[in-house]
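Here's the letter readout for the chains.
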Amino acid sequence: RIFKRQNLIELVFFAIVTSEQMKGYGKILMSFLKEKAKSLNAKTIITCADNNAIKYFLKQGFSHVITSPIFIWAGYICDYEEIKLMECSLFKNFKYCNSIPFLVIQKLFFYYKSRFIIKQSEYSL
């Protein structure tokens, strides 16, 4: 969810299907999300990570330490049980997508495009 006045994005239910984890897709999607967030002038992404996702978010630059003043996010961020609130500060001049090889992005695109085509053909039979 985007909160323009607060320059904040809340990341909700961000997941990669289990069979596709550990292939770099989460890193790619997170990099694109960070670039999109910057284009919307967001300075911060806040998420609620469950115990299974904390390690992933730490790898992606999120922290347990919330540096944004509480008045910026309190009352806007959904509060879930058994989660850890995590924050990622965005750097305007850093190119998050430059750290990903183009071929990996291309592989991801073709994989999901082919899955979409296969699913379409299954429904049209």
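Analysis parameters
- Residues numbered from 1 in each chain as written.
- Predicted model: local features only at pLDDT ≥ 70, side-chain atom pairs only at ≥ 80, totals over all residues.
- Heavy atoms only, no water.
- Helix = DSSP H or I, 4+ residues; strand = E, 2+ residues; numbered from the N terminus.
- Buried < 20%, exposed > 50% of the residue type's maximum accessible area, 1.4 Å probe, protein only.
- Polar contact = N/O pair within 3.5 Å; in protein donor to acceptor, adjacent residues only side chain to side chain.
- Contact = heavy atoms within 4.5 Å.
- 1 Å grid on protein atoms, 1.4 Å probe; cavity = no way out; pocket = protein on both sides within 12 Å on 5 of 7 lines; lining within 4 Å.
- Points joined across faces, edges and corners; volume = space filled by probe spheres on them.
- Nonpolar A, V, L, I, M, F, W, Y, C, P; charged D, E, K, R; others polar.
- Pairing = 2+ DSSP bridges.
- Right-handed = clockwise from strand over helix to strand, strands pointing away.

Caption draft 1: Up close: the side chain of Ser68. Mapped onto the secondary structure, Ser68 falls in the loop between helix 2 (54-59) and helix 3 (70-73). Looking at Ser68, the relative accessible area reads 12%, which means it is buried. At a separation of 2.6 Å, a polar atom in the side chain of Ser68 contacts the side chain of Glu87. Among residues more than four places away in sequence, those in contact with Ser68 are Thr44, Trp73 and Glu87.

Caption draft 2: A look at the layout of surface pockets. Reported here for the largest pocket is a volume of approximately 860 Å³. Phe14, Asn52, Ala53, Tyr56 and Phe57 are the residues nearest the centre of the largest pocket, which is lined by 34 residues in total. Secondary structure elements with two or more residues in the lining of the largest pocket: strand 2 (8-11), helix 1 (25-39), strand 3 (44-49) and helix 2. Take the lining of the largest pocket: its biggest share by element is five residues, from helix 1. Residues of the lining of the largest pocket, tallied by class, amount to 17 nonpolar, nine polar and eight charged.

Caption draft 3: Expanded view of the sheet that holds strand 1 (residues 2-3). Taken in spatial order, the four strands line up as 1-2-3-4 in an open sheet, and their pairing is mixed. Only two strands of the sheet have a single partner each, and these edge strands are strand 1 and strand 4 (84-89). In this sheet, strand 3 lies alongside strand 2 in parallel orientation, the contact comprising four bridges. If you follow Ile9 over to strand 3, its bridge partner there is Ile45.

Caption draft 4: Seen up close, the pairing of strand 2. Here strand 2 shows a buried face lined by Leu8 and Glu10 and a second buried face lined by Ile9 and Leu11. Relative to strand 2, strand 1 runs antiparallel, the two being bridged by two bridges. Its bridge partner lying in strand 2, Ile2 is registered against Ile9. The antiparallel pairing of strand 1 with strand 2 creates a hairpin that spans four residues between the two strands, and Asn7 there sits at a positive phi of about 55°. Following the chain from strand 2 across helix 1 to the adjacent parallel strand 3, one finds a crossover that is right-handed.

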